[in-house]
Amino acid sequence: MASPTELPPQRYPSLSRLLHWLTALLVLSTIPAGLIMVQEGISRPLQNSLFLYHKNIGPVILILVALRILVRLVKKAPPMPAHLPRAQAAAAEAVHGLLYLTLIVMAISGIVRVQAGGFPMEFWDPLIGGMVAKNEALANTAKAIHHFSRYVIIALLAAHIGAAAMHGLIKRDGIFSRMWPPV
Ligand code: HEM
Ligand code: HEM
């Protein structure tokens with residue numbers, strides 16, 4: 001008879017999966033946009049479009065992360081499968097928590113950097129424009145935090161996507177299907 005440990009792992013609720021893949025799509029496009037738009041020597045129109053995309057999408061990511069945390073509080077995440085070593089489960093949970101935290105820090109430091117620097121928030125101006133007064137020192141601090149966080153998010157994502165690929169393509173132990181399909 002099959003023991004409970006051999007049953008296929010449970011899935012995340014469909015709303016959590018949809019929010020996960022939406023966030024993934026936006027984060028994985030906004031990071032390259034951020035990295036390219038600060039390069040010297042790129043054309044003005046390209047730089048303007050990337051800034052427009054980046055500044056408009058950043059607050060959407062913040063809203064999606066807040067929604068994801070709310071949904072997670074109401075609909076609990078499925079328990080980690082019993083076959084996963086405890087240290088691996090703990091590492092995965094730590095990376096997930098740090099991903100949420102880093103995204104929040106990046107979105108808030110981005111908003112503060114733009115507003116304290118006296119720049120427009122683009123489509124978000126009517127809603128949250130003018131929340132932070134112009135302040136050069138604050139803008140520079142937020143810029144430094146935003147810049148440093150990029151190393152953190154890239155390292156976390158490399159670990160996260162690497163682990164997901166290992167489970168999905170090599171081990172094929174059902175961990176990937178906890179978050180798949182998106183709908
Ligand atoms: C190709 C890209 C990605 C793949 C293949 C992927 C895959 C997965 C999988 C399989 C899980 C479920 C892990 C489990 O069994 O508990 C998961 C969870 C998670 N992923 Fe991703 N992911 C990707 C991108 C992202 C991105 C870009 C972010 C955010 C920056 C992200 C944040 C999270 C978080 C926070 C969880 C934990 C969900 C929770 O328990 O609340 N992922 N991901
Ligand atoms: C969680 C979402 C976000 C991620 C993952 C992200 C990521 C990045 C990355 C990787 C860079 C390049 C950093 C560098 O090389 O110094 C960057 C730059 C920038 N980001 Fe974000 N960002 C996010 C949210 C935001 C938001 C919400 C805003 C403002 C509305 C914003 C405004 C900026 C600005 C103005 C820069 C240029 C920094 C400078 O040199 O002044 N970002 N971002």
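Keep in mind the model is a prediction, meaning the values are calculated, not measured.

Further remarks concern the overall build of the protein. Each helix and strand in the protein was counted, giving 5 helices and 0 strands. For the protein, the α and β elements follow one another from N to C terminus as α-α-α-α-α. Judged by the C-alpha coordinates and their principal axes, the protein covers about 65 × 35 × 30 Å. Taking all 183 residues of the protein together, 15% fall into the buried category. Restricting to contacts in the protein with at least 6 residues of sequence separation, those with at least 24 account for 77%.

The full set close to ligand 2 counts 24 residues, and Gly34, Gly58, Met106, Gly110 and His147 are the nearest of them. For the shell around ligand 2, the elements supplying multiple residues, two or more each, are α1 (14-37), α2 (44-74), α3 (86-116) and α5 (136-171). The biggest single contributor to the shell around ligand 2 is α3, with 7 residues. Classifying every residue of the shell around ligand 2 gives 13 nonpolar, 7 polar and 4 charged.

Right, let's talk about unusual backbone geometry for a bit. Cis peptide bonds are those with omega within 30 degrees of zero, and the linkage from Trp180 to Pro181 qualifies with 0°. The backbone phi angle of Arg172 is positive, close to 45°, even though this residue is not glycine.

Attention now goes to the environment of Val71. In this fold, Val71 is placed in helix α2. Along the sequence, Val71 and Ser149 sit 78 residues apart, while their C-alpha atoms lie 25 Å from each other. When neighbours within four sequence positions are excluded, Val71 is seen to be in contact with Leu15, Ser16 and Leu19.

A word on the site of ligand 1. The immediate surroundings of ligand 1 are formed by 20 residues, with Ala24, His96, Ala164, Arg178 and Met179 found nearest. When residues of the shell around ligand 1 are traced back to their parent elements, those giving at least two are α1, α3 and α5. Partitioned by chemical class, the residues of the shell around ligand 1 number 14 nonpolar, 4 polar and 2 charged.

Within the largest apolar cluster, 10 residues are counted, these being Val65, Leu103, Met106, Ala107, Ile111, Val112, Val114, Ala116, Met121 and Ala142. Not counting residues within four places of it along the chain, the set of residues in contact with Ala142 comprises Ser109, Val112, Arg113 and Ala116.

Turning our attention to the packing of α2 against α3. Taken N-terminus to C-terminus, the directions of α2 and α3 make an angle of 145°; their axes are 9 Å apart at the nearest point. The interaxial crossing formed by α2 with α3 has left-handed handedness. Residues Lys55, Gly58, Pro59, Ile61, Leu62, Val65 and Ile69 of α2 pack against Tyr100, Leu103, Ile104, Ala107, Gly110, Ile111 and Val114 of α3. Counted by class, the contact of α2 with α3 contains 11 nonpolar, 2 polar and 1 charged residues.

Here the focus is the environment of Ile63. Looking at the secondary structure, you find Ile63 in helix α2. Since 11 C-beta atoms lie within 10 Å of it, Ile63 is described here as exposed. With 51 residues separating them along the chain, Ile63 and Val114 place their C-alpha atoms 18 Å apart.

Interaxial distance between α3 and α5 falls to 8 Å at its minimum, and their mutual angle equals 150°. When the interaxial angle is binned, α3 and α5 end up roughly antiparallel. Relative to α5, α3 is oriented so that their crossing is left-handed. Taken together, the residues that form the contact of α3 with α5 break down as 17 nonpolar, 6 polar and 2 charged.

In this section: α1. In a regular helix each residue adds 1.5 Å, so 24 residues correspond to 34 Å; α1 covers 35 Å between its end C-alpha atoms and thus fits that length. Buried within α1 are the following residues: Ser16, Leu19, Thr23, Thr30 and Gly34. In this fold, the buried residues of α1 make contact with α2.

Reading guide: rules and limits
Residues numbered from 1 in each chain as written. Chains lettered and ligands numbered in written order. Predicted model: local features only at pLDDT ≥ 70, side-chain atom pairs only at ≥ 80, totals over all residues. Helix = DSSP H or I, 4+ residues; strand = E, 2+ residues; numbered from the N terminus. Buried ≥ 20, exposed ≤ 12 C-beta atoms within 10 Å, placed from the backbone. Contact = placed C-beta atoms within 7 Å. Near = placed C-beta within 6 Å. Nonpolar A, V, L, I, M, F, W, Y, C, P; charged D, E, K, R; others polar. Core = buried A, V, L, I, M, F, W, Y, C linked by C-beta atoms within 7 Å. Axes fitted to C-alpha atoms, helices over the stretch in contact; angles between N-to-C directions. Left-handed = near helix turned anticlockwise from the far one by under 90°. Parallel < 35°, antiparallel > 145°, perpendicular 65-115°, else oblique. Expected span 1.5 Å × (residues − 1).

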